[in-house]
Amino acid sequence: IQLVSLPISTTLIIFGVAIIIVYMHWSFSTHNLIVRMLGVLKGEKLNPKDHYHQMFQNIVDEVCVATGGVKIEPVILPTMSMNAFALSDYSGKNIIGLTEGVLARLTRAQIEAVVGHEAAHIVSGDCLSTTITTSLFELFSGALRGFEMLFRGGGRGNANIRVGRGGGPVILFLILTYLLLAFTKLLSQ
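Residues numbered from 1 in each chain as written. Predicted model: local features only at pLDDT ≥ 70, side-chain atom pairs only at ≥ 80, totals over all residues. Heavy atoms only, no water.

Peer 1: Can you help me understand the sheet that holds strand β3 (residues 94–99) in this one?
Peer 2: Sheets are built from strands paired through backbone hydrogen bonds, the pairs being either parallel or antiparallel. One open sheet accounts for three strands, arranged β1-β3-β2; its pairing is mixed. The strands lining the two open edges of the sheet, one partner per strand, are β1 (73–77) and β2 (84–88). Averaged over neighbouring strand pairs, the angle between their axes works out to 25° when direction is ignored. Across the sheet, helix α2 (residues 33–41) lies against β1, β2 and β3, angled at about 155° from β2, the strand it touches most. Strand contacts of helix α3 (residues 51–66): β1 and β3, with the helix running at about 145° to β1, the strand carrying the most contacts. (Pairing = 2+ DSSP bridges. Helix = DSSP H or I, 4+ residues; strand = E, 2+ residues; numbered from the N terminus. Axes fitted to C-alpha atoms, helices over the stretch in contact; angles between N-to-C directions. Contact = heavy atoms within 4.5 Å.)

Structure representation (structure tokens):
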């Protein structure tokens, strides 16, 4: 293998373009991060008239005091499965979410333990790194979904990709991009 030496000007241009792409990726991935994630999860604000939602709000308020005043917003997921999560972003917004199933099936003491566990993720900072990492890889997963729709014909079941003469490089580029996105999705999991 023979190594090719690039001129310094070409190297600087490539480096500059890479920095711009990284900045754009970071900005897109972290902008409205929690709002986007709650949209995907279908998270909802608490209903103040619901007894279980009010109990959840009270537990979160108690945890906020216990953590030294860390502001945490409770969110509910309208599903009867049993799950909980915590989200954080760089603006200092913190979310603890529970499913309706957790509220319906667990006692107050058990819900306090679940909320305390999620609050520990927020206070320790590991929640922030997990949230950011998830959002960074979400861009690639979204692009992969777009490629899959393109190959399936926009969801209609008939792919409508036409490439004229000399289209081999285009097809190769699409296939390599798809494989790279699929590998990136695998890494994110």
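From this point, the narrative continues.
Peer 1: So what exactly am I meant to see when it comes to the nonpolar core here?
Peer 2: Buried together is how nonpolar side chains tend to be arranged in soluble globular proteins. Within the largest apolar cluster, 20 residues are counted, with the highest numbers of intra-cluster contacts made by Phe56, Ile72, Ile96, Leu98, Ile111 and Val115. Broken down by element, the residue count for this core peaks at six residues, all from α3. Not counting residues within four places of it along the chain, the set of residues in contact with Ile72 comprises Val60, Val63, Cys64, Asn94, Ile95, Ile96, Ala119 and Ile122. Listed in part, the 10 residues of the second largest apolar core include Met37, Leu38, Val75 and Ile95. (Core = buried A, V, L, I, M, F, W, Y, C linked by side-chain atoms within 4.5 Å. Buried < 20%, exposed > 50% of the residue type's maximum accessible area, 1.4 Å probe, protein only.)

Peer 1: Whenever I open this one, the packing of aromatic side chains confuses me. Can you help?
Peer 2: For any pair of aromatic rings, the description rests on two quantities: the centre-to-centre distance and the angle between the ring planes. Taken as a whole and judged by the stated rule, the model has one aromatic pair. Judged by centre distance (5.9 Å) and plane angle (40°), the ring pair of Trp26 and Tyr90 falls under tilted. One end of the pair, Trp26, is in helix α1 (residues 8–30); the other, Tyr90, is in the loop between β2 and β3, with 64 residues separating them in the sequence. Residue class for Tyr90 comes out exposed when judged on its relative accessible area of 56%. Directly above the ring of Phe28 sits Arg36, whose terminal nitrogen or CZ lies 5.4 Å from the centroid. (Phe/Tyr/Trp six-rings, centres within 6.5 Å; stacked < 30°, edge-to-face > 60°. Lys NZ or Arg CZ within 6 Å of the ring centre and 35° of its normal.)

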